[in-house]
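Secondary and tertiary structure notes
Below are the chains, spelled out letter by letter.
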Amino acid sequence: MYVILGASGHIGSVVIDALRASGEKVIAVAHSADKAAAIARDGIEPVVADVTDTGQLRSILQKGRRAFLLNPPADIKGDTNAGELKTASSIAAALEGSGLEKLVLVSTYGALDGSGIGDLSVLYEFERLVKATGIPVAINRGAYYFTNLDMLLQPAKETGRLLTPFPEDMKIPMVSPRDLGEAAAARLRSPSEDIGIDHVEGPERYSFADVAKAFSSRLGRPVTAETIPRERFEEYYLGLGFSWAAARCYAKMAEVTIDTGFEMPTRRHWGRTTLDQHLEALQEHQ
């Protein structure tokens, strides 16, 4: 039996589909009754849980043999750093006494020790806490999600501008959540010895100039990538609806990423989904 956190999300739903295709039984953890009802089908036992309820989550994890872990994103209107550290700590604490034989955890490229650096520091801490439990853990560090681009498509259609904190010619490893889910499912089924950090990215890297070109093709109008000046990073995130606390964290994450660049890891899993394929699927569902 496999326990899947974030079962109704972009990644967790793919993990479940891949496991079901292999005939595996799944406990699917969702955060609401509506979400749980939507994923109920043969081979899936949906459960509703609050991941900050450590005892409740532990009782669910104890029913499984292996588990897929992700730290749910906090509401951008609040303090994302504090919220995500809270959920990371609760999930890790719930692993104690669970009896699980192996874990698969989704993290991020560039994860590093620190504080207030958005996903970079939060997910590094999540990795550390989970490893400290002593349960064998396979960590998949995912690249920049294609789904982060989804909210930018409509503004680009309206204005012909694609605003980004990143230099428009900076090549960024990007990945489809579908590829992340398939990679996670494969490591869930692999031997217990398959642990440690792998990096997951798509078949090629893209700059925001490449994204603008792809948007232009899809939208049938010229779209130009424009780099936001560093001193306006916080203002940019505030304009997207982030709180001051969240905007500061995300601005710092962008600054660190630009200054350090993207690593070229030795252990990489190559996804299959291209940017054009993601955008095609996105437009089909709009």
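See the structure printed just above.
So, here is what we can say about the structure in this document. (Residues numbered from 1 in each chain as written. Predicted model: local features only at pLDDT ≥ 70, side-chain atom pairs only at ≥ 80, totals over all residues. Heavy atoms only, no water.)

**Some points on the overall build of the protein chain**
Just so we agree on the cut-off: Every helix listed is a DSSP run of H or I at least four residues long, and every strand listed is a run of E at least two residues long, numbered separately from the N terminus. Only protein chains enter the calculation, and the probe is 1.4 Å; a residue is then buried if its accessible area is under 20% of its type maximum, exposed if over 50%, and partly exposed in between. Contacts are residue-level and defined by heavy atoms, with any inter-residue pair within 4.5 Å sufficient. Residue-level accessible areas treat just the shown protein chains as cover; the underlying method is Shrake-Rupley with a 1.4 Å probe. A residue counts as positive if it is Lys or Arg and as negative if it is Asp or Glu; His and the chain ends are not included. We put the charge of a Lys on NZ, of an Arg on CZ, of an Asp on CG and of a Glu on CD.
Each helix and strand counted, the protein chain has 11 helices and 13 strands in total. Taking the principal axes of its C-alpha atoms as reference, the protein chain extends roughly 55 × 40 × 35 Å. Scored against the burial criterion, the 286 residues of the protein chain give a buried share of 49%. Pairs at least 24 apart in sequence give 75% of the contacts found in the protein chain among residues at least 6 apart. Carbon and sulfur atoms make up 50% of the accessible area of the protein chain, which totals about 12,900 Å². Looking at charge distribution, the protein chain has the averaged site of its 31 positive side-chain charges lying 3 Å from that of its 38 negative ones.

**Overview of the packing of aromatic side chains**
Selection rule: When the centres of two rings from Phe, Tyr and Trp lie within 6.5 Å, Trp using its six-membered ring, the rings pair. Their planes under 30 degrees apart give stacked, over 60 give edge-to-face, and anything left gives tilted.
What the rule picks out here adds up to eight aromatic pairs. Pairing Y144 with F208 gives two aromatic rings, centres 6.1 Å apart and planes at 85°, and the pair type is edge-to-face. Here Y144 is found in strand β7 (residues 144–145), whereas its partner F208 is found in helix α8 (residues 208–219), with 64 residues between them in sequence. Look at F208 and you get buried, because its relative accessible area is 1%.

**So, the pairing of strand β8 (residues 161–164)**
To keep things clear, this is the line we draw: We treat two strands as partners when DSSP finds at least two bridges between them.
Residue alternation in β8 divides its side chains into a buried set, L162 and T164, and an unburied set, R161 and L163. Here β8 pairs with strand β12 (residues 224–227) via four bridges, running parallel. Following the sheet pairing, T164 is matched in β12 by T227.

**Thoughts on the sheet that holds strand β9 (residues 172–175)**
Here we have three strands laid out as an open sheet, ordered β7-β9-β11, and mixed in their pairing. Each end of this open sheet is capped by a strand with a single partner; those strands are β7 and β11 (205–206). Note that β9 and β11 share two bridges and pair antiparallel. Within the sheet, the bridge partner assigned to P173 lies in β11 and is R205.

**Considering the pattern of salt bridges**
The criterion, for reference: Salt bridges are defined as contacts in which a side-chain nitrogen from Lys or Arg sits within 4 Å of a carboxyl oxygen from Asp or Glu.
Throughout the structure, instances matching the rule amount to 16 salt bridges. Two residues, D210 and K171, come together in a salt bridge whose shortest N-O distance is 2.6 Å. Of this pair, D210 sits in helix α8 while K171 sits in the loop between β8 and β9, and the two are 39 residues apart along the sequence. Accessibility expressed as a relative area gives 46% for K171, which makes it partly exposed. With a closest N to O distance of 3.7 Å, D198 and R187 form a salt bridge. A residue pair is termed long-range when its members are at least 10 positions apart, and D198 in strand β10 (residues 196–201) and R187 in helix α7 (residues 177–189) qualify at 11 residues. On the basis of relative accessible area, D198 is assigned to the buried category, the value being 15%.

**Structural notes on helix α3 (residues 54–61)**
What counts here: In this description, the arc belongs to the directions extending from the helix axis to the C-beta atoms.
Listed in full, the buried residues belonging to α3 are L57, I60 and L61. All buried residues of α3 project into a common sector of 95° when viewed along the axis, lining one side. Looking at the packing, one finds that the buried side of α3 touches β1 (2–4), β2 (26–30), β3 (44–48), β4 (66–69) and α4 (80–95).

Purely geometric stuff here, so don't read any function into it on its own.
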